[in-house]
Amino acid sequence: MFAILGATGKVGRATIRMLLAHGYPVRAIVRDVAKAAEFKAAGCEVVVAHLGDKASLEAAFAGTVVAQVICPVLARSDDAFAEMTGAIDTLAEALAAAHAPSIMAISDYGAELPEGTGVTRVFHHLEKRLRVLDAALTFLRSAEHMQNVARFAGYAAETGTFPTMHHPLTKLYPTVSADDVGVIAAELLMETRASAHPRVVHVEGPCRYTPLDVAEALGSIVGREVVARELPRSEWLPSLKRAGIGDSYAQLVVELYDAHNAGRIDAEAGRGEVRRGTTKLRDAVAGLLKSR
């Protein structure tokens, strides 16, 4: 049995589709019982569990051969880092109690760094907590998701401007479709490879992009010329908060982009491997907008 935490997210859904297509039994772990029907219809066993509830998580992972886990995103929390790392602690305790023999953790580029990386520090904590478990571990470190660009599509269509916190505009950075992360996770889950040490796999798209490339892709989607603009750092926090992100989480995002622009967020040199998704940036963003 393959247990997938975060089944309703883009990564989880893609993993589940791939596993089911290859005939593997899947247990979809959801927070909302209202989401259960679609996964049951697809052929999954469904369990309802909550990230802060050790008992429900332990029950969800009991009897599974492989567990795929993902970090919670608490963008409106009063203390985002403390609450997310607390949820990870509960998750790790539940996995230990359930004796899950193999664990796949969806992590992040830069997770090997203990400080100065904002949101990514949460993934460092995730990897650290899981390393002490008696289980075969795989850390699938994902580059920034292409789908994040879609949040700017409306603004780009209205103004012809794409504001970015990636500086400078000519800098290439790694990014990947969330669906490709889920597919590659499923491929890794289906591999039979034992190791005494955690396996580290980095995943990014078929190529890297600059903010100028992103603006060109958005322009081709919204049907007008779109010009990339470096969002001044003084505007980062107010812009994130206007988008509905809480102050605590927004501060973590600001720190993350400082690390990005300093060249610290990348595949860990000399560690693990890099696998590439096949989805191009324009296709990922266009597909997401079309589905809305």
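Residues numbered from 1 in each chain as written. Predicted model: local features only at pLDDT ≥ 70, side-chain atom pairs only at ≥ 80, totals over all residues. Heavy atoms only, no water.

Engineer: Give a detailed account of the overall build of the protein chain, specifying residues and quantitative values.
Structural biologist: The secondary structure content of the protein chain amounts to 11 helices and 12 strands. For the protein chain, the C-alpha radius of gyration of 19 Å lies close to 19 Å, the compact-globule estimate for 292 residues. The dimensions of the protein chain, computed from C-alpha atoms along their principal axes, are 55 × 40 × 35 Å. Considering the protein chain as a whole, with its 292 residues, one finds that 51% of them fall into the buried category. In the protein chain, once contacts between residues fewer than 6 apart in sequence are set aside, the share between residues at least 24 apart is 76%. When the accessible area of the protein chain is evaluated, it comes to approximately 13100 Å², of which 52% is carbon and sulfur surface. Counting 32 positive and 34 negative side-chain charges, the protein chain places the centres of these two groups 3 Å from one another. (Helix = DSSP H or I, 4+ residues; strand = E, 2+ residues; numbered from the N terminus. Rg over C-alpha atoms; globule rule 2.2 N^0.38 Å. Buried < 20%, exposed > 50% of the residue type's maximum accessible area, 1.4 Å probe, protein only. Contact = heavy atoms within 4.5 Å. Areas by Shrake-Rupley, 256 points an atom, 1.4 Å probe, with all protein chains shown as cover. Lys, Arg positive; Asp, Glu negative; His and termini not counted. Charge placed at Lys NZ, Arg CZ, Asp CG, Glu CD.)

Engineer: Lay out helix H1 (residues 10–21) in plain terms, naming residues and giving numbers.
Structural biologist: In this model, H1 (12 residues) spans 17 Å end to end at C-alpha, consistent with the 16 Å of a helix rising 1.5 Å per residue. Taken as a whole, H1 has its buried residues at Val-11, Gly-12, Ala-14, Thr-15, Ile-16, Met-18 and Leu-19. Where H1 terminates, the next one or two residues include Gly-23, which has phi positive at roughly 85°. (Expected span 1.5 Å × (residues − 1).)

Engineer: Provide a residue-level description of the sheet that holds strand S12 (residues 273–276), including the pertinent values.
Structural biologist: Strands sit in the order S3-S2-S1-S4-S5-S6-S10-S12 across an open sheet of eight strands; the sheet is parallel. At either margin of the open sheet sits one strand with a lone partner, and together these are strand S3 (45–48) and S12. Averaged over all adjacent pairs, the angle separating strand axes in this sheet is 20°, with direction ignored. Sheet topology places strand S2 (residues 26–30) next to S3; four bridges connect them, and they run parallel. From the neighbouring strand, Arg-27 faces S3, where its bridge partner is Glu-45. Taken strand by strand, H1 contacts strand S1 (2–5), S2, strand S4 (66–70) and strand S5 (102–108), and its axis lies near 160° from that of S1. (Pairing = 2+ DSSP bridges. Axes fitted to C-alpha atoms, helices over the stretch in contact; angles between N-to-C directions.)

Engineer: Please provide a residue-by-residue account of the pairing of strand S6 (residues 136–142), values included.
Structural biologist: Two faces make up the sheet, and in a regular strand the side chains alternate between them. Where burial is concerned, most of S6 is hidden: six out of the seven residues are buried. Pairing analysis gives seven bridges linking S5 to S6, with the strands arranged parallel. Considered in S6, the bridge of Ala-105 is made with Phe-139. Regarding topology, helix H5 (residues 120–131) serves as the crossover connection from S5 to the parallel S6, and that connection is right-handed. (Right-handed = clockwise from strand over helix to strand, strands pointing away.)

Engineer: Any details on the packing of aromatic side chains? Residues and values, ideally.
Structural biologist: In total, this model carries three aromatic pairs according to the counting rule given. Considering the side-chain rings of Phe-152 and Phe-162, the 5.4 Å spacing of their centres and the 80° angle between planes classify their relative orientation as edge-to-face. Of this pair, Phe-152 sits in the loop between strand S7 (144–145) and helix H6 (153–159) while Phe-162 sits in strand S8 (residues 161–164); the two residues are 10 residues apart in sequence, bridging distant segments of the chain. Under the relative-accessibility criterion, Phe-162 is labelled buried at 4%. The interplanar angle of 70° and the centroid separation of 6.5 Å between the aromatic rings of Trp-236 and Tyr-257 together place this pair among those described as edge-to-face. (Phe/Tyr/Trp six-rings, centres within 6.5 Å; stacked < 30°, edge-to-face > 60°.)

Engineer: Quick one: what's the story with the nonpolar core, residue by residue and with numbers?
Structural biologist: Counting 47 residues, the largest nonpolar core has Leu-5, Phe-61, Val-69, Leu-95, Ile-103, Leu-130 and Tyr-249 as the members making the most contacts within it. When residues in this core are grouped by element, the largest group, nine residues, is from helix H4 (residues 80–98). Once residues within four sequence positions are removed from consideration, Ile-103 is found in contact with Ala-67, Val-69, Leu-95, Leu-130, Leu-133, Ala-135, Ala-136, Leu-137 and Thr-138. Ala-7, Leu-19, Val-181 and Met-190 belong to the second largest nonpolar core, which has 34 residues in total. (Core = buried A, V, L, I, M, F, W, Y, C linked by side-chain atoms within 4.5 Å.)

Engineer: Just give me the short version of the pattern of salt bridges, but keep the residues and values in it.
Structural biologist: Opposite charge on two side chains permits them to pair, given that their charged atoms come into close proximity. Within the structure shown, the criterion is met by 19 salt bridges. Linking Asp-247 and Lys-241 is a salt bridge whose minimum nitrogen-to-oxygen distance equals 3.3 Å. Exposure remark for Asp-247: the relative accessible area of 38% places this residue in the partly exposed category. Under the relative-accessibility criterion, Lys-241 is labelled partly exposed at 42%. Here the salt bridges do not stand alone but share partners, grouping Glu-112, Glu-127, Arg-131, Arg-141 and Glu-268 into one network. (Salt bridge = Lys/Arg side-chain N within 4 Å of Asp/Glu carboxyl O.)

By themselves, these figures tell us nothing about what the structure is for.
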